[in-house]
Each structure stands twice: as C-alpha cells, then as structure tokens.
Number of protein chains: 2
Amino acid sequence: MNAEIIAVGSELLTPHRQDTNSLYLTEKLNDLGVEVRFKCIVGDDAEGITAAAKLAMRRSDIIIFSGGLGPTEDDLTRESIAEALGLKLQRDSAILARLEERFAKRGYKMTPNNAKQADVISSATALPNSQGTAPGQWIAGKYDGHERIVMLLPGPPYELKTMFENECIERLRARIPAQHIAVRTLKMAMMPESQVDARVAPIYKKYADIETTILAGGGEIQLYLRCRKDSQAEAEARVEDLAEKIEDELGDAIFSRKGEALEQIVSYQLQMRGMTLATAESCTGGLLAERITSLSGSSRYFLGGAVVYSNALKTQFANVPKALIDQHGAVSREVAKALAEGIRKRCLASFGVGITGVAGPTGGTEQKPVGLVYVALAGEEGTQVVERNFPGDRRNIRLFATQQALEMIRRALL
Amino acid sequence: MNAEIIAVGSELLTPHRQDTNSLYLTEKLNDLGVEVRFKCIVGDDAEGITAAAKLAMRRSDIIIFSGGLGPTEDDLTRESIAEALGLKLQRDSAILARLEERFAKRGYKMTPNNAKQADVISSATALPNSQGTAPGQWIAGKYDGHERIVMLLPGPPYELKTMFENECIERLRARIPAQHIAVRTLKMAMMPESQVDARVAPIYKKYADIETTILAGGGEIQLYLRCRKDSQAEAEARVEDLAEKIEDELGDAIFSRKGEALEQIVSYQLQMRGMTLATAESCTGGLLAERITSLSGSSRYFLGGAVVYSNALKTQFANVPKALIDQHGAVSREVAKALAEGIRKRCLASFGVGITGVAGPTGGTEQKPVGLVYVALAGEEGTQVVERNFPGDRRNIRLFATQQALEMIRRALL
C-alpha cells in the first residue's frame, strides 16, 4: 500500500515555515509497511485543497491531511475534503457539547466560530484530540472502486503525533496486510560517501530484496537497510546477514547500528569507562560543548570547557604559552596540542580536546586557508593531532570539526 | 502570477531528508511578486513526475522542478517532463563536449551514463551549472492556451541557488509584470505571541492592503508586513506607515526591522561601542557562545568564555566561591550573578554573562523544577539577574535561555 501526505496551511507556503509533520508520519507509515509516494503542501484555499484531495483519491491508498481543522475562517480542510469526496458535513452534538464544556472549564464562553470544529464528514469517525480542541477524522471506504483510507489530523505537531499514536496506528494495522519489515541504520563518521559506496555497493547489490539508501552530510554517512519478508524472523535474519557483511567490510568505521548520534555513542563509551571530558574550542566557538551537553545526563562525563576565542584566553584558561602562539600562530598543530593538554590538566579530565582553525568566510591566508582545522585529543597515553581541510561554509566547517573531535574520542575509546 | 515548486527525489520521501530548496525559491519568487501556491514532492518515478508536471501545467503559471538531473538511472526529471509537455529530448553536442572536457580536466574518462545530462527538451534553453555537472533547463511558452514558465534545476542546494541567481531571476523579471512590493520584518524577543498580537492587531487590521503574518518560536516573534502597490514609492510609504505605528506601540521591544538574528543585533551594538563580551554557561552548555560565534568576525567583540558544567569549574574558571554554591545551590540567583561577574573579571570583558538552570528532562526538583533558569548580565554599572521558568523540552529551554541572555545584552546597550 502507498500513502500521500498533504499539509494544509498558507504559512507552509512562505519562506519562513516548513512542514515537519510529514517526516514523523513517514517514519510511522514505513514501520507499518506503507510507502509514502507523494507529499503536497497547499494553502488555506478551498479550491486547492479539494483539487489536491481529488488527485490523491485517484492515486494513493492512504491519504493523510494535516492542518486546517481549527475554528478560524482560514480553516477549510473539513469542508474542502467533504466536497472532494461528494459527502456532506454534519454537526456532531456530542462533540459540540464537549467543546462547550472545554471552554466552560477554563471560564470562557465558547465563541460561535468554534462550533465548526464539531462538523464531521458523513461516514467519518471523529478522532478525539487529547491535546487541543479540533477533533480529527477517519474515513475508510470505496472511492471510484478503490479502497481508500483518509485521515484529517490537526496541524500542531504535538496534537498530530498524539492523535496518530492513539487513534490511527491500530486502525491502520487492522486494515493493512500484516507486514514483516526489518530495518538497520549504520552510521559512519568522517569518510567520503564515494569511498563508503565503493566498498559496500558490491556487497548490498547482491541483496536485491533489501532496499539500501546511502545519505551523507555533516561528516556523517548514513546507510539505511530495509527488508520485507513473509515473517519477521525471516526479515530480521536477512537484514542482519547484510548488516554483518557490511560491518565486516567497514569494521570499526561504523559507529552506530541503531541510528544514534555520534555524541550519544561517545556518551555511552565515557560512562561505561567512568571517564571524563573537557574541551577547549577556538574556531568551533562552543559547538562541541553544545553538542555534548545537548544530551540529558551529560554532566556525568562532561566537566566543561573553555571557548578561547582570544589568544589571551587560550593562555588564561588552557595554559597555552604565549610564546607558542607567537611562534606558530593560533591556528597550528602546536597550539591545538597545547589546548587539549592544557584543558585536560586544568579540568582534571580523562580526555582534553583542543580545536583551532579558520572557520571563515574571512580570515583565511595562503598558508592557512579557510577550512584548515587542527583537532587534538589529549589522554593518559599522550596527545594526537589531526590536520584537516574542511570544505563548505562556516557552519559546515565548524560542524565537521566537532564531528572530527567526537570521532577521535570514539576511536580512542574502542 | 503564481508558482508551484516540485522537488524530485525518493530520498525526500523518507523520514530522513527534507526539501529545503523550496524555502529559498519561495523567498526569491515572493520578491518578484510571485506567490507560491503549491509545493509537491515526488519520488524518482517517471509516472509520478509526469503526472505532477501535467497537473502543475494546468494550475500554475511558473513551475520549478528541483532534482533528478544527474547521470544515474534514478535521474528521470528531464524525460518525464518532456513526456508531460509532449516534447522531445535532443542531445546537445556543445554541452556533451563541455561535460567530457570537465571530466578530462580532472583526469577521468567520462562514463557513458553522464551523456544524458546533455539531453535538452526541444524549445528549452540549457542553463549552465557553474557548481556541478548537470545543466538546468528553461522553457517558456504556451501550454493549452496558457503562458507557462518551466524551470528544471539541480537538487544540490548550492548548485540550485547559484543557477537560480545567475540564470533565472533576470529571465523571470523580463516576463513578469513589474511588481512593486515592499516588505518589513519586525522581530521581538521574549514576549508572548498573544500579547504581541493583542497589541498590534488593532493597528494592522486597519491596513487591509498590507498582508500581515505573525510567527513565533524559540523566544522570538516575527511580524512580516507585505504590501503591493502601483509604484515602489507608494508600497514603501504604505508599509513604512504601518511599521512606524507598530513601532510606536511596541517601542524598543522590536530588535530588528530587517530580519536580522538577535545575535547579529548584539554584534552591531558591541562593535559600535567598542565593547567586549565573555560568557560562563552551565545549563546552556556552550549554546550561547556557539550562537555568538556563528557570525564571522565575532572575534572582534567576543573574547570567549567557559562552559562550567561541574561545580569545580564554576570556581576554577569563573571564580564562584565554593561556599556560595554550597549555600545556595548551583542553580540559584547568587551563582548566576557570581558567574557573570567572575567571567567578566577573568576575561577583562565589558560584559559578562552567567547562565545556570535546569534544562531537563531529568534533574528537576519541587523547589527547582525543569525549566528554571537564572540569567545574569554583569557590566560596568552592576549586575542584573533574571529568573525565568521556560516551557518545553531541553532544546527549547536552552534556546530560550540564550535568547534571554542576548536580549538582556541588547537592552543594556540601547
């Protein structure tokens, strides 16, 4: 079975906002064995919504609308879809009573415009919204001779997710032939995509029954494996077989088999060893610390660190001798090493990281071009320094540099 | 005139990737006076692309396709659109020669699959791709009696942007009736959306000829004003008139009139005064430093700072007395103040910022719940501390806390 997701809302047709619900819905649909074939975004415009609905009814088995279920004049999803399906809207008195009650509870009288949220398409089942006012709707039946399932869900992501989990997944499962799908996500850091593909393509191409997708970005390669079989055990065994062969080929270049972020893996490793980390960042300006502390519980292994943008602070917070900076320049192998060792000592950490480089777009020279970054990792067994030339813009260079640092920590802890 | 943007690529129908080109294209089209009415995403599937193209040709004046122009079997945009338009593909020998030359320059022999990138739809103009191999295409003409403009652009964002800027904007301008549109973006920090709307709605509702959009998120309200008139002067005067009235109402709560980020405004202010900044972050873990240093040239006013996750580092890097932490706890007004004052002194900065709080989801208590954050700003004239209870998840709480800090710096520099 295949699905189409239609996001309704004029704000999603501006340069300022993007539909994100479809990513969540796609993941859940894929888990049920349903492929998303089309995604559309239409404005708060009855004609456009009706046309999109008609087209979708012709080409897709499952159609999910998000947004446009609220009480305002702009909320046109209900009536436009009723029109597309040639069905009527009926005001549901029980829903109306619940809406009035909800307002009364908060000490408000319900304004009349809210009543339209109680309009239900004939033949639809209203889906309770535990997180907001507008109920959703579920319609299943024949349309032009084809079995179709149509869902109307609210636009706010938290309302949509809760309603989909509570009201839609089981209903879908009951109507979709039982699917047995196994998936694996393998992640690699700091390897070129072409190199990964050259090594693994000869392997995965032998598995025609496994869908393989390679995506790259931000110093990370993601390899998605997906297999559908008559039984779950068969699917799992098959995908496991391919995953193992790829792991044999790439070895410890693979940092995750479940889709975790690199900072999460480093977190597991440090906690398992009872070790701690401190950072001294120049060109990344705190991004490495920010990534590490984005995880709850990171205080168990991350002590802290310094953002040493000025040379004076490199000396003050990470004990880098002024003479060393004067001799080699702030962007140098020697200063990266001194930053890592200095911050490790100052923080009494198991590991110290030092990063210095030219993030650009200004500040590059012929000897030290934009993208040149030194990353150092100091530990009990000494200090290693890596020199890299990262491509792309300031954002990308900074992201690559933190990815490099995390990968060095991970490899040191293997 | 209205436009439709169609992104082609099966990876955009997975849970892992999202089309972002359409945000850029929408902004540029809006500047030309063109509204985007529909956005669609289709997979690497000839039938789906052809159907989407046919529908778009019926309902939209300008149709932009992105992606699917590469050399692989999956790249089907060219042939599918030729099919939809009932036109033929012709191999362009000049493009073919340039492709071969490009490969030869890098020391490779071009593999035969690359040749299809030289296929041009009859009546189309090939658009050179200065950033990659696949040329784009531009088609303008009548289709079923309607004037239509169709563009085929490459999927990689950098290639698409460069091609659109260099090849498409002027061509569009020549075919679109001259538009006179004036826009203003007003931004406010740390105000509730409902409060902003209650204050400004009575004002903007009097300007029926100005489209007003309010969006909120991450401790920021964005107010977009957009006016179309017969002359640019008229449009500018009208939008300026409304912007001024809103500014009279909201006063210095407005931090930007041109859409700049809050860290950019703080950057202007600090540079203008020749002042410097240092930060001591606990719960934000480097996010404030990261935001500040995301701007090129930030080393002119940002000295650096400390990420003081452990209590020992609060003492070591920001001179916070151990006794103060023992007495009040790490998350307290007193420690925030000491962090700001300590880091200011240690870094010899004009301003010091201290942030401490509970970012969650764990670590909250009845007295100090998740979301409680103290932000302190120390300057020559003393130290102010703000206590806030931020809603949402860890990411949101950390973002709000940095927004609060930046807003305090901005107000101190007014």
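Residues numbered from 1 in each chain as written. Chains lettered and ligands numbered in written order. Predicted model: local features only at pLDDT ≥ 70, side-chain atom pairs only at ≥ 80, totals over all residues.

## Focus: the overall build of chain A
Working step 1: Each helix and strand in chain A was counted, giving 13 helices and 17 strands.
Working step 2: Over its C-alpha atoms chain A spans a radius of gyration of 27 Å, topping by over 25% the 22 Å that the globule rule assigns to 414 residues.
Working step 3: In terms of overall dimensions, chain A has C-alpha extents of about 80 × 55 × 40 Å along its principal axes.
Working step 4: Looking at chain A as a whole, 47% of its 414 residues are labelled buried. (Helix = DSSP H or I, 4+ residues; strand = E, 2+ residues; numbered from the N terminus. Rg over C-alpha atoms; globule rule 2.2 N^0.38 Å. Buried ≥ 20, exposed ≤ 12 C-beta atoms within 10 Å, placed from the backbone.)

## Some thoughts on the interface of chain A and chain B
By a widely used convention, the size of an interface equals the accessible area lost when the partners come together.
Working step 1: Listed as interface residues are 51 residues of chain A and, on the opposing side, 51 residues of chain B.
Working step 2: Mapped by element, the contributors of at least two residues to the side of chain A that touches chain B are helix H1 (21-31), strand E2 (35-42), helix H2 (46-59), strand E10 (210-217), helix H9 (287-293), strand E14 (302-308), helix H10 (311-318) and helix H12 (333-347) of chain A.
Working step 3: Grouping the amino acids of the side of chain A that touches chain B by side-chain chemistry returns 22 nonpolar, 21 polar and 8 charged.
Working step 4: Both E2(A) and strand E2 (residues 35-42) of chain B contribute to a ladder of 5 bridges, which runs antiparallel. Bridge pairing in E2(B) places Ile41(A) opposite Lys39(B). (Contact = placed C-beta atoms within 7 Å. Nonpolar A, V, L, I, M, F, W, Y, C, P; charged D, E, K, R; others polar. Pairing = 2+ DSSP bridges.)

## Observations regarding helix H5 (residues 157-175) of chain B
The periodicity of an α-helix, 3.6 residues per turn, causes residues three or four places apart in sequence to face the same way.
All names here are of chain B.
Working step 1: At Cys-168, H5 shows its largest kink, close to 45°.
Working step 2: Buried within H5 we find Glu-159, Leu-160, Met-163, Phe-164, Glu-167, Cys-168 and Leu-172.
Working step 3: Where H5 is buried, its residues touch helix H1 (21-31), strand E3 (62-66), strand E6 (125-127), strand E7 (136-143) and strand E8 (146-153). (Bend = angle between axes of the 7 residues up to and from the residue.)

## Digging into the relation of the copies chain A and chain B
Working step 1: Screw-axis analysis of chain A against chain B gives a translation of 0.6 Å along the axis, an RMSD of 0.7 Å, and a rotation angle of 180°. Both copies are brought into coincidence by an operation consistent with a two-fold rotation axis.
Working step 2: Interface residue correspondence from chain A to chain B reaches 100%, placing this contact among same-surface, isologous pairings. (Least-squares fit on C-alpha atoms with pLDDT ≥ 70 in both.)

## Remarks on the environment of Thr279(B)
All names here are of chain B.
Working step 1: Inspection of the secondary structure assignment puts Thr-279 in strand E13 (residues 277-281).
Working step 2: Note: C-alpha distance between Thr-279 and Asp-252 (27 residues apart in sequence) is 25 Å.
Working step 3: Once you skip the residues sitting within four places of it in the chain, Thr-279 turns out to touch Leu-288, Ala-289, Gly-305, Ile-343 and Val-353.

## A short note on the nonpolar core
Working step 1: Formed by 146 residues in total, the largest nonpolar core has its most connected members in Ala306(A), Leu339(A), Ala306(B) and Leu339(B).
Working step 2: Look past the residues within four positions of Leu339(B) in its chain and what remains in contact with it is Ala280(B), Val308(B), Lys314(B), Ala318(B), Val320(B), Gly354(B), Thr356(B) and Ala376(B).
Working step 3: By size, the runner-up hydrophobic cluster in this structure holds 95 residues, among which are Leu29(B), Ile62(B), Ile81(B) and Ile139(B). (Core = buried A, V, L, I, M, F, W, Y, C linked by C-beta atoms within 7 Å.)

## Some points on the domain arrangement of chain A
Working step 1: For chain A, the assigned domains read domain 1 (2-175), domain 2 (180-256) and domain 3 (262-412).
Working step 2: In this structure, domain 1 of chain A and domain 2 of chain A have C-alpha centres spaced 36 Å apart. (Domains from an automatic or database assignment.)

## Side note on the pairing of E14(A)
Residue and element names in this part refer to chain A.
Working step 1: Counting buried residues along E14, 7 of its 7 residues qualify, which places the element largely inside the surrounding structure.
Working step 2: Alignment of strand E13 (residues 277-281) against E14, held across 5 bridges, turns out to be parallel. Opposite Ala-278, over in E14, you have Gly-304 as the bridge partner.

## Thoughts on the pairing of strand E8 (residues 146-153) of chain A
Residue and element names in this part refer to chain A.
Working step 1: Strand direction decides the pairing type here: strand E3 (residues 62-66) and E8, joined by 5 bridges, are parallel. Bridging from a neighbouring strand, Ile-62 pairs with Ile-149 of E8.
Working step 2: Relative to E8, strand E7 (residues 136-143) runs antiparallel, the two sharing 7 bridges. Along E8, the bridge assignment pairs Lys-142 with Glu-147.
Working step 3: Turn length for the E7-E8 hairpin, with the two strands adjacent in sequence and antiparallel, is 2 residues, and the turn residue Asp-144 shows positive phi of about 50°.

## Considering helix H7 (residues 232-250) of chain B
Residue and element names in this part refer to chain B.
Working step 1: The end-to-end C-alpha separation of H7 is 26 Å, in line with the 27 Å expected for 19 residues at 1.5 Å each.
Working step 2: Listing the buried residues of H7 in full gives Ala-235, Val-239, Leu-242, Ala-243 and Ile-246. Buried positions in H7, seen along its axis, are confined to an arc of 100° and lie on one side of it. Turned more than 90 degrees off the buried face of H7, the exposed positions are Ala-233, Asp-241, Glu-244 and Asp-248.
Working step 3: Here the buried face of H7 lies against strand E9 (181-189), helix H6 (193-204), strand E10 (210-217) and strand E11 (220-228).
Working step 4: Within two residues after H7, Gly-251 carries a phi angle of roughly 55°, on the positive side. (Expected span 1.5 Å × (residues − 1). Arc of directions from axis to C-beta.)

## Re unusual backbone geometry
All names here are of chain A.
Working step 1: In this model, Gly-360 is joined to Pro-361 through a cis peptide bond whose omega is 0°.
Working step 2: A positive phi angle, near 50°, is found at Asp-144, a position not held by glycine.
Working step 3: Structurally, Asp-144 is set in the loop between E7 and E8.
Working step 4: Note on Asp-144: 7 C-beta atoms within 10 Å, which makes it exposed.

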